[in-house]
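So you can see what is in the structure, the chains are spelled out below.
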Amino acid sequence: MRPSRRLPLAPFLLLLALLAPPRASAVGGPSAWAALRGAAGSRRASPAEQERAAAGVLARLLPSHVRSFSFQIDSKGSVCGESSCFRISNVVGGSGNGGAEILIQGTTGVELASGLHWYLKYWCGAHISWDKTGGAQLASVPSPGFLPRVKDEGVKIDRPVPWNYYQNVVTSSYSFVWWDWKRWEKEIDWMALQGINLPLAFTGQESIWQKVFKSFNVTDRDLDDFFGGPAFLAWARMGNLHGWGGPLSQNWLDQQLALQKKILSRMIELGMVPVLPSFSGNVPAVFAKLFPSANISQLGDWNTVDANPRWCCTYLLDPSDALFIDVGQAFIRQQIKEYGDVTNIYNCIALFSLAFQLASANLTILSNVNIILFKFTVMVVTFSDTFNENTPPTNEPAYISSLGSAIYEAMSRGNKNAVWLMQGWLFYSDAAFWKEPQMKALLHSVPIGKMIVLDLFADVKPIWKMSSQFYGVPYIWCMLHNFGGNIEMYGILDSISSGPIDARTSDNSTMVGVGMCMEGIEQNPVVYELMSEMAFHNKKIEVEDHNKDYIVEFPDISPSSFSSQLSKRRGTYRRYDLVDLTRQCLSKLANEVYLDALSSYQKKDSNGLNSHTRKFLEIIMDIDSLLAADDNFLLGPWLESAKSLAMSEKERKQYEWNARTQVTMWYDNTDAEQSKLHDYANKFWSGLLKSYYLPRASKYFGYLTRSLQENRSFQLEEWRKDWISYSNEWQSGEEQYAVKATGDALEIARSLYRKYFS
């Protein structure tokens, strides 16, 4: 992978400000658009309901202008024809008399909201983002009666491809876990404004599983060991772990199911097609006892420290077993019973089919995955991962096809119109195995049109290029971009803008959509604004796309072996708004100071080590003070939102522990061995830096200093025990943190600039 070219912030923002609305032509033929309309279930919103839903988005976004816009669904196709579009035009005589000034017509409520967003952006100079990244900046929108007029007959924007997909399954844990309906309503509004019409809808599925598994004689006590805690549900759903952070209370199960019903209702009102989960084979341990003749295998360890059976080694029901179809059918039917017939699109999430591994005595289960591999594991297992990272015991196409067919049959038995949404990373990760016959066997195990492949990491590793367009199977070009919900400034602007265009216009293209599959949201709004529009820009990103700052990256290495790292980690980085940009600059400065401290240690330069230590710790304190001046960079809201969902003191402690643990140690540890996933979901939040990262860094440098003073080697084992003990105490702590900003961000940023850079 060639190095990325990094751009300054100003030209990047200027590009977006000057970007002219492109006219995109639809591709894929009438069948692609017919499939779009057929993907929704029978529970569809009427044109009038979708118009009201779009008007509701406007009322929440810009209540002063509720009478300034008129929305109209193009139900007869007189505006959009066979494809999907929105058209923005003037309302004749509307300006100045208190009536509607701008008419927005579109195929669905999503297109109406997208047209509103387009108009506010390009005619009024407004910007709409997540609240944590600037929120809705609408001061430039003229008063009612004075909205800018659209030239001539107006502007019509067609969708180039039917689908605009959104979410990674782990986003539900990294970003959504503590949300209430008020926050979800904001997110669904944002989705509609961005044109997203194919979102994952995974909230509340544990309540469905509870009802399904009970019908198979599984008890609540069995499920206490099966479900993970609230902040770790994504990985419990994937079969990576069980019980960690749990159990789930009945209150949680009921609460989340009620929330899911509100989420689905709003998505449907706007004309979205929600993607619901399906059965992947992950079952409670008791299934092996209840069904002794079933083909159930215990999986290997996934990133625990010592293969502790309390969390590791989940159970997988083989897709070829008849029981698999029974459970899968029951799950989809239970969803339809609870939600109604809201969608025909489903996906599976699991490290499956590990049945392949377990069918062969010569194969071993993947375990002890390091942090770098874990990043890809998370990405890979987020969707239907039948053969992901697991080489089948045979390359016989008939065998591969039979298991693919079984997985789809479990879906189609529950919903005869089911479409399987799966991802295609496995074809790259094990390219030596997945040659054309094997790829075709899997992809063609389902009727063409009944499977959509997510080219999950197409911004970096586009699989469509090496698979002849997935051999005729429709696919969605996806951007992954963010890992663990880290707060860091980076983006792959050339790929996310030109990549989808290249794929769509290539020979024999089967591309049917674009998607955003980040692990965590509420960061880098420019990247997501750019991706949602498929604008043009040139630049590629480096493979190592994860936050690597020494403040929040545990220095778990003896300094004597660190010399090879000193030159590698010095580099240049990037941008954003005042606080974020200042934070970014200081975090990169801290990287340099840390490397200087290690260099001084290796030279046995006590004075240099002490000087660099003081500076490193001071930078952490200064960043914490800076972040404290902005509501969107505080630890407090994350913890308080977790506690606010609790209905008892026991739940309050459990939820806070979940919230604290996910952003620090993440997973289990022993006294002397830290979690393999520690710091993966690190955050630059005021309160977290001061109370967690600062003491940890202080302890580490203290051990370095004593090593020089006492002329002995660095006591790595002692250091590990010390910081792990502190981390465990912090995870179980109950101290409160600020939920409102204090201080003047502008003045603090100016003083820090003078202190460090002038």
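Report follows, based on the coordinates. Keep in mind the model is a prediction, meaning the values are calculated, not measured.

Rules used in this analysis
- Residues numbered from 1 in each chain as written.
- Predicted model: local features only at pLDDT ≥ 70, side-chain atom pairs only at ≥ 80, totals over all residues.
- Heavy atoms only, no water.
- Helix = DSSP H or I, 4+ residues; strand = E, 2+ residues; numbered from the N terminus.
- Buried < 20%, exposed > 50% of the residue type's maximum accessible area, 1.4 Å probe, protein only.
- Areas by Shrake-Rupley, 256 points an atom, 1.4 Å probe, with all protein chains shown as cover.
- Pairing = 2+ DSSP bridges.
- Axes fitted to C-alpha atoms, helices over the stretch in contact; angles between N-to-C directions.
- Polar contact = N/O pair within 3.5 Å; in protein donor to acceptor, adjacent residues only side chain to side chain.
- Contact = heavy atoms within 4.5 Å.
- Parallel < 35°, antiparallel > 145°, perpendicular 65-115°, else oblique.
- Left-handed = near helix turned anticlockwise from the far one by under 90°.
- Nonpolar A, V, L, I, M, F, W, Y, C, P; charged D, E, K, R; others polar.
- Disulfide = S-S within 2.5 Å.
- Salt bridge = Lys/Arg side-chain N within 4 Å of Asp/Glu carboxyl O.

### Topic: the overall build of the chain
When you go through the chain residue by residue, the secondary structure sums to 28 helices and 17 strands. Scored against the burial criterion, the 758 residues of the chain give a buried share of 62%. In the structure as shown, the chain presents an accessible area of about 27,400 Å², 52% of it carried by carbon and sulfur atoms.

### Details of unusual backbone geometry
Residues other than glycine predominantly adopt negative phi, and peptide bonds predominantly adopt the trans conformation. Following Gly246, the chain continues to Pro247 via a peptide bond in cis, the omega torsion being 0°. Here Pro247 shows up in the loop between α9 (233–237) and α10 (250–269). In this model, Gln167 sits at a positive phi of 105°, which is unusual for a non-glycine residue. Looking at the element boundaries, Gln167 is found in the loop between β7 (163–166) and α5 (171–174).

### Description of the pairing of strand β14 (residues 419–423)
Among the 5 residues of β14, 5 are classified as buried, and the element is accordingly described as predominantly covered. Both faces of β14 are covered, namely the face carrying Val419, Leu421 and Gln423 and the face carrying Trp420 and Met422. Taken together, the 3 bridges between strand β13 (residues 345–347) and β14 define a ladder with parallel strand orientation. Among the inter-strand pairings, Ile345 is bridged to a residue of β14, identified as Val419. Pairing of β14 with strand β15 (residues 451–455) involves 4 bridges; the strand directions are parallel.

### Here we look at the sheet that holds strand β3 (residues 102–106)
Pairing is mixed in the open sheet, where 4 strands are placed in the order β1-β3-β2-β6. Edge strands, defined here as strands with exactly one partner in the open sheet, are β1 (69–73) and β6 (155–158). Neighbouring strand axes in the sheet, compared pairwise and without regard to direction, differ in orientation by 15° on average. Two strands pair when backbone bridges link them, and strand β2 (residues 85–90) and β3 are joined in this way by 5 bridges, in the antiparallel orientation. Directly across from Phe86, in β3, lies its bridge partner Gly106.

### Here we look at the side chain of Asp74
On the secondary structure map, Asp74 appears in the loop between β1 and β2. According to the relative accessible area criterion, Asp74 is buried, its value standing at 9%. Within polar-contact distance, the side chain of Asp74 engages the backbone nitrogen of Ser78 at 3.0 Å. Residues in contact with Asp74, not counting those within four places in the same chain, are Val79, Cys80, Gly81 and Gly106.

### Concerning the sheet that holds strand β11 (residues 296–298)
One open sheet accounts for 3 strands, arranged β10-β12-β11; its pairing is antiparallel. Both outer strands of the open sheet, β10 (282–283) and β11, are each paired with one neighbouring strand and no more. Of the strand pairs in this sheet, β10 and strand β12 (residues 315–317) are connected by 2 bridges, and their pairing is antiparallel. Bridging from a neighbouring strand, Asn282 pairs with Leu316 of β12.

### As for the packing of helix α26 (residues 688–709) against helix α27 (residues 716–731)
The N-to-C vectors of α26 and α27 enclose an angle of 165°; their axes lie 10 Å apart at closest approach. It follows from the interaxial angle that α26 and α27 lie roughly antiparallel. The chirality of how α26 crosses α27 is right-handed. Residues Leu688, Ser691, Tyr692, Pro695, Arg696, Lys699, Tyr700 and Tyr703 of α26 lie in contact with α27, whose contacting residues are Glu718, Trp719, Asp722, Trp723, Tyr726, Ser727 and Trp730. Here the contact of α26 with α27 is built from residues that sort into 9 nonpolar, 2 polar and 4 charged.

### Focus on the state of the cysteines
Under the criterion given, the structure shown has 2 disulfides. Cys80 shares a disulfide with Cys85; S-S distance 1.9 Å. Because the torsion about its S-S bond is -80°, the bridge between Cys80 and Cys85 counts as left-handed. For Cys80, a relative accessible area of 7% gives the class buried. Each bonded cysteine of the chain is numbered by sequence order, and under that numbering the disulfide pairs are 1-2, 3-4.

### Thoughts on the pattern of salt bridges
For the structure on display, the rule yields 33 salt bridges. Measuring nitrogen to oxygen at the nearest pair gives 2.4 Å for the salt bridge that ties Lys588 to Glu488. Of the two residues, Lys588 is situated in helix α22 (residues 578–602) and Glu488 in the loop between β16 (475–479) and α19 (493–505); the sequence distance between them amounts to 100 residues. The burial state of Lys588 is the same as that of Glu488; both residues are buried. Measuring nitrogen to oxygen at the nearest pair gives 2.5 Å for the salt bridge that ties Lys755 to Glu618. Remark: Glu618 occurs in helix α23 (residues 606–627) and Lys755 occurs in helix α28 (residues 745–756); sequence separation between them is 137 residues. The class of Lys755 is partly exposed, set by a relative accessible area of 42%. Exposure remark for Glu618: the relative accessible area of 37% places this residue in the partly exposed category. Among the ionic contacts, a cluster of salt bridges with common partners joins Glu640, Lys643, Glu649, Arg652, Glu656, Arg660, Glu734 and Glu735.

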